[in-house]
Amino acid sequence: MDADKKFEELTQQMLKKFLEKNPDFATHLGLHDPYDYLLPDGSTERLRENLRMAEEWIKQLRETITREELNVEHKTDWEVIEKAYEMWKFDFFELKRHELNPDAFGMLGGLIFIMFTRNYAPLEKRIDAIAARIEKIPKFLEEFRSRFENSKPVKLWTEIAIETAQNMSGLFQFILASTEGKVPDQIYQRLTKAVQNLQPALKKHIEWLQGLLQKSKEEWAIGREKFEKLLKLRELGLTSDEIYQLGLKYLKELKAEREKLAQQIAPGKSIEEVFKQIESHAPKTFEEALTFTRKTMEEARRFVQEKNIATVYPEDVLLVEETPAFLAPVIPFAALMMPAKFDKPQIGIYIVTRPKDPANLGKHLNYHSIRNTAVHEAFPGHFLQGAISNRGSFIRLLAEGTETVEGWAHYCEELMREKGFITDLETRFIQINDMIWRAVRIIVDVKLSKGEMSFDEAVEMLVREAGLSKEAAVAEVRRYTQTPGYPLSYLLGKHLILNLKEEIKQKMGDKFEEKFFHDTIIANGYLPISMLRKIFQQKMSKT
Ligand SMILES: [Zn+2]
């Protein structure tokens with residue numbers, strides 16, 4: 001058997017084994033039967049087992065396949081597997097979030113949420129599977145609690161876990177209320193019973209969490225040493241200090257630019273007044289805003305094709321819909337629901353939430369924000385990149401190149417201005433302001449992760465520099481504490497993509513084509529930039 005065939009075969013075997021132990025991951029991939037009816041083991045043992053599987057996978061690859069005989073795609077896949085394994089070991093043995101963060105419902109809620117919202121099967125089938133999973137939650141929680149027998153969890157995260165657990169009933173009530181009469185009685189009864197039976201287990205779990213607070217610890221920062229190691233593992237090519245300096249530099253430049261722009265848009269007016277003016281350029285009704293969003297995303301799609309910016313497949317569809325009422329409390333503004341890896345065709349849904357007070361329509365749904373959002377979320381941003389990257393092997397999903405995903409969408413904003421899709425100063429103002437927010441994220445992420453900035457200082461900086469409300473800033477910082485190295489990915493990713501572009505341009509000279517550059521990034525959206533660079537080198541050596 002040739003090496004590529006063998007690689008495929010081994011990969012399929014591993015995937016099957018892995019999904020048996022991690023049925024939640026299968027649902028995310030878009031593989032539903034029989035996985036949608038199952039939950040993973042909640043204890044630490046499954047995480048160890050996952051590590052063992054990855055180790056075994058690599059061992060078998062090394063023993064049975066000569067790497068040099070593989071095609072380029074498989075060579076890349078192999079590298080992804082090895083890198084993912086290193087990252088998982090770091091997560092498990094050094095960050096130890098599985099025994100510091102007692103939130104079980106983030107995962108469970110997220111899982112049920114996508115089963116309910118993604119329209120991959122008839123509602124009754126999805127509800128039946130949701131009921132089956134809810135039936136298994138008490139056992140999962142029992143196993144989950146065993147993780148914390150000998151550990152001191154983080155106090156802040158324990159408090160968040162309590163809130164999440166308390167909000168779960170709300171999610172179940174939503175699902176019950178919005179499916180009544182829409183699925184066969186028998187299935188509705190199964191769901192009702194599952195939710196009822198869960199109540200004592202949920203109560204017990206919340207009491208356990210409250211007890212856990214007593215033995216929790218204040219400190220959540222991973223500290224300088226581990227943060228530096230994390231950056232190395234991600235091969236970002238910069239130390240935390242260099243990234244921090246970059247954030248400061250961007251912040252300073254961008255603020256000056258915003259100031260200048262404000263004076264061009266409305267001479268003599270303050271930043272706040274310019275915002276007010278921009279927000280007043282808005283559709284009259286929510287329905288009009290929805291229609292305008294649809295139209296603008298369609299325009300962006302055509303523009304990307306006509307100007308040869310990137311390849312667009314006609315079968316990839318992005319719908320724009322109002323957020324269903326039951327989801328509105330968890331999605332205050334808008335969200336992009338990406339198609340799963342194995343979904344065919346690739347249909348995404350961009351849902352937009354109707355503001356509670358119609359007077360607030362212009363805050364997020366003014367003409368300028370919608371235009372920038374269409375570029376960032378749809379074309380050529382997240383949707384285009386995600387749908388095309390989904391055509392690659394599932395192994396790529398293990399790569400977690402967040403700087404490529406968020407960096408790309410952010411890069412697109414400026415690109416579409418250079419190409420002439422965005423021409424007005426007001427949309428530019430919105431873009432600059434978003435960049436300021438991203439620059440603050442860099443600064444705050446580095447400082448928080450290293451333990452050099454307090455929670456309150458981070459909130460204060462987001463409010464002061466990026467103009468976030470206190471409430472939004474608190475929500476942001478809570479998330480940052482749990483995802484060290486993630487918030488810095490947006491602006492740093494864009495920065496690295498721009499550097500890479502310069503590098504490739506230099507090397508290719510007049511052979512350089514922007515569409516080639518973009519298509520390569522779009523098709524490899526899950527890879528970190530360091531691996532993208534290698535893909536470019538391979539492609540260039542062929543021409
Ligand atoms: Zn984004």
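Keep in mind that this is a model prediction, so the values were computed, not measured. (Residues numbered from 1 in each chain as written. Predicted model: local features only at pLDDT ≥ 70, side-chain atom pairs only at ≥ 80, totals over all residues. Heavy atoms only, no water.)

Participant: I would appreciate a short explanation of the coordination of the zinc ion in the present structure.
Facilitator: For a metal with four donors in a tetrahedral arrangement, the ideal angle between donors is 109.5 degrees, while six donors in an octahedron ideally sit at 90 or 180 degrees. Protein-derived ligands of the zinc ion are His376 (NE2), His382 (NE2) and Glu406 (OE), with the metal-ligand distances lying across 2.1 to 2.4 Å. In primary sequence terms, the donor set of the zinc ion follows H-x5-H-x23-E. Just as histidine 376 is buried, histidine 382 falls in that class too. (Donors = N, O, S within 2.8 Å, 3.2 Å for Na, K, Ca; no water. Buried < 20%, exposed > 50% of the residue type's maximum accessible area, 1.4 Å probe, protein only.)

Participant: What is the right way to look at the nonpolar core in this model?
Facilitator: Taken as a class, soluble globular proteins show a tendency for nonpolar side chains to be buried jointly. Formed by 100 residues in total, the largest nonpolar core has its most connected members in Leu488 and Phe517. Looking at this core element by element, the count peaks at 12 residues for helix H17 (residues 425–449). Ignoring anything within four residues of it in the chain, the contact list for leucine 488 reads Phe227, Leu231, Arg234, Leu236, Ile243, Arg441, Ile442, Asp445 and Val446. Listed in part, the 38 residues of the second largest apolar core include Ala131, Ala161, Met168 and Leu202. (Core = buried A, V, L, I, M, F, W, Y, C linked by side-chain atoms within 4.5 Å. Helix = DSSP H or I, 4+ residues; strand = E, 2+ residues; numbered from the N terminus. Contact = heavy atoms within 4.5 Å.)

Participant: Is there a simple way to think about the environment of proline 484 in this case?
Facilitator: Within the secondary structure layout, proline 484 lies in the loop between helix H19 (470–482) and helix H20 (489–508). Given the relative accessible area of 14%, proline 484 is considered buried. Note: C-alpha distance between proline 484 and leucine 231 (253 residues apart in sequence) is 9.9 Å. Not counting residues up to four positions away in its chain, the partners in contact with proline 484 are Arg97, Ile222, Phe227, Leu230, Asp445 and Ser449.

Participant: Sorry, what's going on with the packing of helix H3 (residues 44–64) against helix H4 (residues 72–95) here?
Facilitator: Relative orientation and spacing of two packed helices are given, respectively, by the angle between their axes and the distance between those axes. Interhelical geometry of H3 versus H4 gives an angle of 150 degrees and a closest axis separation of 10 Å. Between H3 and H4, the angle falls in the class roughly antiparallel. Our pair here, H3 against H4, has a crossing hand that is left-handed. Here Thr44, Leu47, Arg48, Leu51, Ala54, Glu55, Trp57, Ile58, Leu61 and Arg62 of H3 lie close against H4, whose contacting residues are Trp78, Ile81, Glu82, Tyr85, Trp88, Lys89, Phe92 and Phe93. Taken together, the residues of the contact of H3 with H4 break down into 12 nonpolar, one polar and five charged. (Axes fitted to C-alpha atoms, helices over the stretch in contact; angles between N-to-C directions. Parallel < 35°, antiparallel > 145°, perpendicular 65-115°, else oblique. Left-handed = near helix turned anticlockwise from the far one by under 90°. Nonpolar A, V, L, I, M, F, W, Y, C, P; charged D, E, K, R; others polar.)

Participant: Hey, could you run me through the pattern of salt bridges in this one?
Facilitator: As a working rule, side chains carrying opposite charge can pair if their charged atoms are close by. Applying the stated rule across the entire model yields 50 salt bridges. Here glutamate 207 and lysine 203 are joined by a salt bridge, their closest N and O atoms 3.4 Å apart. One end of the pair, glutamate 207, and the other, lysine 203, are both in helix H8 (residues 185–212), four residues apart, so they sit about a helical turn from each other. Here lysine 203 falls in the exposed class, since its relative accessible area comes to 55%. Where arginine 533 meets glutamate 503, a salt bridge forms, and the shortest distance between an N and an O atom there is 2.8 Å. Linking arginine 533 in helix H22 (residues 529–542) with glutamate 503 in helix H20, this pair joins segments that are 30 residues apart in sequence. (Salt bridge = Lys/Arg side-chain N within 4 Å of Asp/Glu carboxyl O.)

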